[in-house]
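Here is how the chains run, residue by residue.
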Amino acid sequence: MTWRGTGALPKAATPTRRSLLERPSVQRGVESGVERICRECRHFVDDPVALERLLPGLLALSSAQGDTRGDQGVCQAHDRFLLPTMTCRRFERR
Amino acid sequence: MAMSKQSNGGWKLFKTEDYWAIWLGMLIIGLSMVGFWAGASIKGWAVTPGTWSDLGGLGRDLGKHIGAYVLIYLGFGVVFAFSMRVMGRDVKAFLAGYTLLFLGSLVIFYLAGWKVMKRLDLGAPLLALIIGLIVGNIKAVPEWFKTSLRTEYYIKTGIVLLGATLPLTLIAEAGPVAFVQATIVSLCTWLTIYFVATRLFDLDPRFAAVLGTGGAVCGVSGSIAVGGAVRADKDHIAVGIAVVSVWAIVMIFTLAFLTKVMIPEGGAAPVAWYHITPGEAGAWVGTSEYADAAGFAVVAELAADHGDAPIHAFTLMKVIGRDIWIGIWAFVLSIVSVVYWEKKGEAGDGPAGRVGVSVIWARFPKFVLGFFAASIIMSLVAANAPADHRGVAPVAGTFKSKAVKQDYAADFSSYQPPASLASRFRYDAGKGVIVFEGKMTLEELRQLSAGATVDQQWALKQLRHQSDWFSSELKAKAITPIKKLRSWAFVLCFLCIGLSTRFKELATFGLKPFYAFTVGVLVNVPLGYILTTQVFVDYWRAIR
């Protein structure tokens, strides 16, 4: 079950929020057989070794190799920590 | 092999430290049980260094156990190295670092066993942490060495092994209380940090959520788990890691000091107003420490003097009460993030996408399943004690318990058991042993001891212990060796925490997030204390 893209938006959603919620249906898609999502984007860093270098101190009490990090990574285009299923207009295939 | 290429199918079972901790833990438990059922035991090589007061004693203990240490080094090393290879790490670098870590852990175990350290009341967990912090902050460890600094992997392995020592009945009885207490504290702490961060210091709400989850749920791992779900800035994550880590280290020493002072000498019943039991101490640490590894450093330190009660209470509170709900926090906060927190300016090209309920399972710390499986396996074995078990004890020997160690040499040639127990008790003069059919109760021991000499009474106490199949067989031959191996995993972990915590690297945050988190600490610690020692005190005092 995903609550987004089902047509039933939360009442609290303002027009701006609505545009965020609806955006995936516009941006998501397939480009040359590759889905336009972070996992396939060259800006997305999800390699555990690279992540442990990008986030100093992560090793002390956690790890990039555990399930709580899972397959999340850092988008170097937006400098955001994201799920690999996110998408945006700056997608560039790896 | 890149992680991103392993995201499907069976690879998932081999791509994270959580699953590997389960496989390694189950392998050790399996070996222990197979040995036990075959009439043998792994206790000969599953050892930790003993206590010593002079170099001669140290040399004797080292000479006696050196073969066992090599086996433990190889056993852990092979599985760790293989798993690191599968997870795409540099195995040569890992093995070099692991070798140094293992030797360091051995030195720390021996240091902790030195009578001087015993007088200073410093156990292996705190020693590992202190030495690691000193070494790691004098000079940064080289990059290749960092491959072996797997704090989470080692602690998760230890927690899976811990499951084998925690009865399922205890989890069933105290688990709901732990959940209620943890939920109260988690919600209060999260809301405090969130509102202080956003209303008082005007921080980004997603940043506040990352900080709040770090303080309320499971430390750095909590911050990371919700970080992707709320699409936090990379810097939010970095600062969250730093603030949580600094406070976690501070709380290790604070809580260790406080609980050592507050638990009465020898684990006696609380008398003074500030006294708490070892079980209460564990529950309080479980409520008020931010990371699993940091909390275990405190309760493992307490366990050296007070048995496993602090570890059991901590595990119930932290792992069952707090950790396993991280996926739900991530899911709820992902919804809140999109509906309320996303910046208007990002509507054009900011990242967006679906966050489904699958995130609950994705962020679930899978090693907890290994912990439950280990507890279920050992509880089932313990529940099926052989009906025909008989206790056999020598008439001359040493009676050992937590509180007493007593040599005895009894003569049973003219001893007469009470008539009601005569059919179950016998003396085998040829073998020099006394035998009791079935499990001896305390009342039966009292009847057998009436009129017995002092030495006979010690021999009968020994016989009672031997008549308990769980204590004399399963615990002694299978569970205690698992606990020893658990100790190795823990000390490796605590040394890693020290070596990988560089205060210079962490001191990159501004004061606002630090102050916001600190207010959360000021709420969390006293609230955890009150809930543990006043509201739910009966449950935590009953933990053994």
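Computed from a prediction, not measured in an experiment: that's the story for all the values here.

What counts and how
Residues numbered from 1 in each chain as written. Chains lettered and ligands numbered in written order. Predicted model: local features only at pLDDT ≥ 70, side-chain atom pairs only at ≥ 80, totals over all residues. Heavy atoms only, no water. Helix = DSSP H or I, 4+ residues; strand = E, 2+ residues; numbered from the N terminus. Buried < 20%, exposed > 50% of the residue type's maximum accessible area, 1.4 Å probe, protein only. Contact = heavy atoms within 4.5 Å. Axes fitted to C-alpha atoms, helices over the stretch in contact; angles between N-to-C directions. Parallel < 35°, antiparallel > 145°, perpendicular 65-115°, else oblique. Left-handed = near helix turned anticlockwise from the far one by under 90°. Nonpolar A, V, L, I, M, F, W, Y, C, P; charged D, E, K, R; others polar. Domains from an automatic or database assignment. Buried area = accessible area lost by both parts, 1.4 Å probe. Salt bridge = Lys/Arg side-chain N within 4 Å of Asp/Glu carboxyl O. Polar contact = N/O pair within 3.5 Å; in protein donor to acceptor, adjacent residues only side chain to side chain. Lys, Arg positive; Asp, Glu negative; His and termini not counted. 1 Å grid on protein atoms, 1.4 Å probe; cavity = no way out; pocket = protein on both sides within 12 Å on 5 of 7 lines; lining within 4 Å. Points joined across faces, edges and corners; volume = space filled by probe spheres on them. Arc of directions from axis to C-beta. Pairing = 2+ DSSP bridges.

Caption draft 1: Just the overall build of chain A, in detail. Along the backbone of chain A there are three helices and five strands. Ordered by position from N to C terminus, the α and β elements of chain A give α-β-β-β-α-α-β-β. Within chain A, the proportion of its 94 residues that are buried is 53%. Taking the intrachain contacts of chain A between residues at least 6 apart in sequence as the baseline, contacts between residues at least 24 apart amount to 54%.

Caption draft 2: Representation of the packing of helix α7 (residues 151-163) of chain B against helix α12 (residues 292-306) of chain B in the model. All names here are of chain B. Orientation of α7 relative to α12, taken along the N-to-C sense of each, is 60°, at an axis distance of 10 Å. Considering the angle they form, α7 stands oblique to α12. For the element pair α7 and α12, the recorded crossing hand is left-handed. Here α7 contributes T151, I155, I159 and L162 to the contact with α12, which in turn contributes D292, A293 and F296. Considering only residue class, the contact of α7 with α12 consists of five nonpolar, one polar and one charged.

Caption draft 3: Just the domain arrangement of chain B, in detail. Residue and element names in this part refer to chain B. Each assigned domain of chain B is listed with its residue range as follows: domain 1 (3-341 + 354-384 + 474-541) and domain 2 (390-473). Here the C-alpha centroids of domain 1 and domain 2 sit 41 Å apart. Taken together, the contact between domain 1 and domain 2 spans 10 residues of the former and six residues of the latter. The largest share of the area that domain 1 buries against domain 2 comes from L474, K475 and K477, three residues that together contribute 49% of it. One can count one salt bridge joining domain 1 with domain 2. Between E473 and K477 there is a salt bridge, and its shortest N-O distance comes to 2.8 Å. In this structure, the connection of domain 1 to domain 2 is made through seven residue pairs in polar contact (both at pLDDT 80 or more).

Caption draft 4: Expanded view of the side chain of B:D61. Residues and elements named next belong to chain B. Mapped onto the elements of the fold, D61 is located in helix α2 (residues 55-86). Buried charged residue D61 carries no salt bridge. Nearest counter-charge: K64, at 5.9 Å. Discounting residues that sit within four places of it in the chain, D61 has contacts with P49, G50, Y69 and Y110.

Caption draft 5: Inspection of empty space enclosed by the protein at higher detail. Across all of its chains, the model carries three cavities of 30 Å³ or more by this definition. In this structure, the largest cavity spans a volume of roughly 130 Å³. As for the largest cavity, its lining consists of 16 residues, of which B:E152, B:S221, B:D292, B:D323 and B:F367 are closest to the centre. The set of elements that each furnish at least two residues to the lining of the largest cavity consists of α7 and α9 (205-229) of chain B. A total of three residues in the lining of the largest cavity trace back to one element, the largest contributor, which is α7(B). By residue class, the composition of the lining of the largest cavity is seven nonpolar, two polar and seven charged. Taken as a whole, the second largest cavity spans an internal volume of roughly 90 Å³. The wall of the second largest cavity is formed by 15 residues, among which A:C38, A:C41, A:C75, A:T87 and A:C88 lie closest to the centre. When grouped by side-chain class, the residues that make up the lining of the second largest cavity number 11 nonpolar, three polar and one charged.

Caption draft 6: Inspection of the pattern of salt bridges at higher detail. Taken as a whole and assessed by the stated rule, the structure comprises 27 salt bridges over all chains. Its salt-bridge partner being B:E437, residue B:R390 comes within 3.2 Å of it at the nearest N-O pair. With a gap of 47 residues between them, B:R390 in strand β1 (residues 390-394) and B:E437 in strand β5 (residues 433-437) connect regions that are remote in the sequence. Owing to a relative accessible area of 27%, B:E437 belongs among the partly exposed residues under this scheme. A network of salt bridges, in which partner residues are shared, links A:E52, B:E17, B:R89 and B:R150.

Caption draft 7: Expanded view of the packing of α2(B) against α7(B). Residues and elements named next belong to chain B. Put simply, α2 and α7 touch, their axes get as near as 13 Å, and they point 125° apart. Classified by the angle between their axes, α2 and α7 sit oblique to one another. Along this stretch, α2 crosses α7, giving a crossing that reads as right-handed. Together, V79, F80, S83 and M84 of α2 and Y153, Y154 and T157 of α7 make up the contact between the two elements. Residues belonging to the contact of α2 with α7 are distributed by class as follows: five nonpolar, two polar and no charged.

Caption draft 8: Highlighting helix α17 (residues 442-449) of chain B. All names here are of chain B. Every buried residue of α17 is listed here: E444, L445, L448 and S449. Mapping the buried residues of α17 onto a view down its axis gives an arc of 130°, with all of them on the same face. On its buried side, α17 packs onto β4 (425-428), β5 and α18 (454-467). Positive backbone phi, approximately 85°, marks G451, located one or two places after α17.

Caption draft 9: Molecular detail of the pairing of β5(B). Residues and elements named next belong to chain B. Within β5, four of the five residues are buried, which leaves the element mostly enclosed by the surrounding structure. In this sheet, β5 lies alongside β1 in antiparallel orientation, the contact comprising five bridges. What sits directly across from V392, in β5, is V435. Two strands pair when backbone bridges link them, and β4 and β5 are joined in this way by four bridges, in the antiparallel orientation. Bridge pairing in β5 links R426 to V435.

Caption draft 10: Representation of the interface of chain B and chain A within the structure. Contacts between the two partners involve 66 residues from chain B and, on the opposite side, 54 residues from chain A. In this assembly, chain B packs against chain A so that about 5400 Å² is buried in total across both faces, 59% of it on carbon and sulfur atoms. Sorting the residues of chain B by area buried against chain A places B:K234, B:P351 and B:R354 first, and these three jointly supply 14% of that buried surface. Put simply, chain B and chain A have six salt bridges between them. A salt bridge links B:R363 to A:D71, with the shortest nitrogen-to-oxygen separation between them at 3.7 Å. Across the chain B-chain A interface, the total number found is 19 residue pairs in polar contact (both at pLDDT 80 or more). With eight residues, the top contributor of residues to the side of chain B that touches chain A is α9(B).

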